Amino acid sequence: MGEMEKIAPDGFVHRCQCTSREALKQIAIDPPDPQMYAAAKKYLDSIAKPLDSLGEFEHIISRCGAMMRTATPHFQDKAMIIMIADNGVVKEGISQSGQDVTKAVAFSMGRRGSSVCKMAGASGARILPVDIGINDPDPVPGVFECKVAQGTKDFLEEPAMTEAEVMQALITGIELAKWCAHEGVTMLGTGEMGIGNTTTSCAVVSALLGCAPSAIVGRGAGASDAILAHKQEVIEQAMLKYGFLTEEEVKSGAMPEADGKNREIDAFEILRCVGGLDIAGMAGVFIGGALSHIPVVIDGVISGAAALIAEMLVPGTKDYAVASHLGSEPALPVILKKLGLKPVIDANMALGEGTGGALFFTMMDTVMTVASTAASFDEIAVEQYTRFT
């Protein structure tokens, strides 16, 4: 394919030269600066409060300082990138909803009326809904047109995407993240919309981590017992079709190895065969955020699968990822354990779209009122606490 131009936010022009997967191997991620982590932690210790009293948030702020190369990170400028795409596997009856729902919600996002738009808007975040693969040729008002294809193929019949489509979706996400960083964004959130994408994400995770689908498949958008069982069966068939798992592994019921144990896998091929355009686009956002030295927030299981794919395609990406919430899908805690990330919200949420990340934005705003504006020990004439360990 030749160069393609697609108009995106505020005059951004996306130029995508679809190359081979070998191009990904040339991407190198600079690790976060450990000296800036220490400097950020020292700054937090200087605030008039007990040491470590903001708990996990102090680790997150210090991690972000290391990512951004500053002892005093700020997050006033946030953006939520929401990848919208349809999934051909819906043809297999794995959801109670049809693809018409994807476009209906996209219209709501275009009007900034959906759940994630309301929640992210509460923190002043920029909302960037992106049509990366809605199964309809017509543009959606208010949604940025970066369509790679009109949905994916049914992965039980053939691979979900071509290599060129995967590359184009990845590069779209990378370039959008880099554009946001250029515009001054200092924290990115990832969200998605697309009927069938808990099926694609669970298929990706099952293949990547070598676990039985039965161990990680959840109900998604309220699947019945019958649909849940069928969803599991469809993923099992796909694992066997593409040789990602053996029949023994499929039927074992085993949870995945999330302790760093390596498997002989081809992450790109897994994404191509059973993934989705939204997952590929978000994986690109994680890579682009890492290249731009800004944190990227994981929402639920779909963006978690994208973060896992991103790390396996471009090692070091996970060092720029932040976990928002635990979620109700059984695959998500497995993903976060593999990535070595700890979420700060445990509310059994399953709203999707990026809403867990949006809630995380608001929590960070609240915490940063202490971290960035509270008095120092010197200002209140109190002796600073001493750190003994």
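These numbers come from a predicted model, not from an experiment. (Residues numbered from 1 in each chain as written. Predicted model: local features only at pLDDT ≥ 70, side-chain atom pairs only at ≥ 80, totals over all residues. Heavy atoms only, no water.)

Caption draft 1: Structural detail: the overall build of the protein chain. For the protein chain, the count of helices and strands is 14 helices and eight strands. Looking at the protein chain residue by residue over its 389 residues, the buried ones come to 57%. In the protein chain, 76% of the contacts between residues at least 6 apart in sequence involve partners at least 24 apart. Total accessible area computed for the protein chain in this model is approximately 15,200 Å², and 52% of it derives from carbon and sulfur atoms. (Helix = DSSP H or I, 4+ residues; strand = E, 2+ residues; numbered from the N terminus. Buried < 20%, exposed > 50% of the residue type's maximum accessible area, 1.4 Å probe, protein only. Contact = heavy atoms within 4.5 Å. Areas by Shrake-Rupley, 256 points an atom, 1.4 Å probe, with all protein chains shown as cover.)

Caption draft 2: Main features of the sheet that holds strand E7 (residues 296-298). Strand order in the open sheet made by the six strands is E5-E4-E3-E6-E7-E8, with parallel pairing throughout. Each of the sheet's edge strands pairs with one partner strand only, and the pair in question is strand E5 (144-145) and strand E8 (321-323). (Pairing = 2+ DSSP bridges.)

Caption draft 3: Looking closely at unusual backbone geometry. A positive phi angle, near 60 degrees, is found at Arg112, a position not held by glycine. Within the secondary structure layout, Arg112 lies in the loop between helix H3 (100-110) and helix H4 (115-121). In this structure Arg112 comes out as partly exposed when scored by relative accessible area, which is 29%. Positive phi, close to 55 degrees, is recorded for Asn348, a residue that is not glycine.

Caption draft 4: Molecular detail of the pattern of salt bridges. Overall, the coordinates contain twelve salt bridges when judged by the stated rule. For Glu175, the salt bridge is made with Lys178, and the minimal N-O distance between the two is 3.7 Å. Separated by three residues within a single helix, Glu175 and Lys178 lie in helix H5 (residues 163-182), roughly one turn from each other. Assessed through its relative accessible area of 37%, Lys178 is described here as partly exposed. (Salt bridge = Lys/Arg side-chain N within 4 Å of Asp/Glu carboxyl O.)

Caption draft 5: How the structure looks around the packing of aromatic side chains. Counting across every chain of the model gives one aromatic pair. Both rings, one in Tyr242 and one in Phe244, keep their centres 5.8 Å apart while their planes meet at 25 degrees; by these two values the pair is stacked. Take Phe244: its relative accessible area is 15%, and that puts it in the buried class. Positioned above the aromatic ring of Phe361, the side-chain terminus of Lys78 is 6.0 Å from the ring centre. Cation over ring: Lys241 sits above Tyr242, and NZ or CZ is 5.5 Å from the ring centre. (Phe/Tyr/Trp six-rings, centres within 6.5 Å; stacked < 30°, edge-to-face > 60°. Lys NZ or Arg CZ within 6 Å of the ring centre and 35° of its normal.)

Caption draft 6: Main features of the pairing of strand E4 (residues 126-133). Across the eight residues that make up E4, a large majority, seven, are buried. Pairing analysis gives two bridges linking E4 to E5, with the strands arranged parallel. Within E5, the residue paired with Val130 across the bridge is Phe144.

Caption draft 7: Region of interest: helix H12 (residues 301-313). Relative to the 18 Å expected for 13 residues at 1.5 Å per residue, H12 spans 18 Å between its end C-alpha atoms, a close match to the ideal helical length. Among the residues of H12, Val301, Ile302, Ser303, Gly304, Ala305, Ala306, Ala307, Leu308, Ile309, Ala310, Glu311 and Leu313 are the ones counted as buried. (Expected span 1.5 Å × (residues − 1).)

Caption draft 8: The confidence of the model for the protein chain, seen in detail. Per-residue confidence for the protein chain gives a mean pLDDT of 89; residues scoring 70 or more make up 89%. Contacts from residues 1-7, a stretch scored under 50 in pLDDT, to residues over four places away or in other chains number 26 contacts. (pLDDT = per-residue confidence, 0-100.)

Caption draft 9: Seen up close, the nonpolar core. Residues Ile81, Phe155, Leu188, Met239, Val274 and Phe360 are the most contacted members of the largest nonpolar core, which totals 127 residues. A total of ten residues in this core trace back to one element, the largest contributor, which is H5. (Core = buried A, V, L, I, M, F, W, Y, C linked by side-chain atoms within 4.5 Å.)

Caption draft 10: Up close: the side chain of Ser206. If you trace the backbone, Ser206 turns up in helix H6 (residues 197-209). Looking at Ser206, the relative accessible area reads 0%, which means it is buried.

Caption draft 11: Focus on the pairing of strand E6 (residues 187-193). Here E6 lies mainly inside the structure; seven of its seven residues are buried. Here strand E3 (residues 78-85) runs beside E6; their pairing, made up of seven bridges, is parallel. If you follow Ile84 over to E6, its bridge partner there is Met193. Note: E6 against E7, two bridges, orientation parallel. Considered in E7, the bridge of Leu188 is made with Val296.

Caption draft 12: Representation of the side chain of Glu353 in the model. Mapping Glu353 onto the fold places it in the loop between helix H13 (331-339) and helix H14 (355-373). Although Glu353 lies buried, it forms no salt bridge, and the closest oppositely charged side chain, Arg111, sits 11 Å away as judged by the N-O distance. A distance of 3.2 Å separates a polar atom in the side chain of Glu353 from a polar atom in the side chain of Ser114. A polar contact of 3.5 Å, which involves the side chain of Glu353, links it to the backbone nitrogen of Ser115. Those residues in contact with Glu353 that lie beyond four places of it in its chain are Ile82, Val105, Met109, Ser114, Ser115, Val116, Gly191, Glu192 and Asp299. (Lys, Arg positive; Asp, Glu negative; His and termini not counted. Polar contact = N/O pair within 3.5 Å; in protein donor to acceptor, adjacent residues only side chain to side chain.)

Caption draft 13: Just the environment of Leu313, in detail. Turning to its location among the elements, Leu313 is positioned in helix H12. Residue classification places Leu313 among the buried residues on the basis of a relative accessible area of 12%. Leu313 sits 30 residues away from Ala283 along the chain, and the two C-alpha atoms are 9.0 Å apart. Look past the residues within four positions of Leu313 in its chain and what remains in contact with it is Leu24, Leu170, Ala267 and Phe268.

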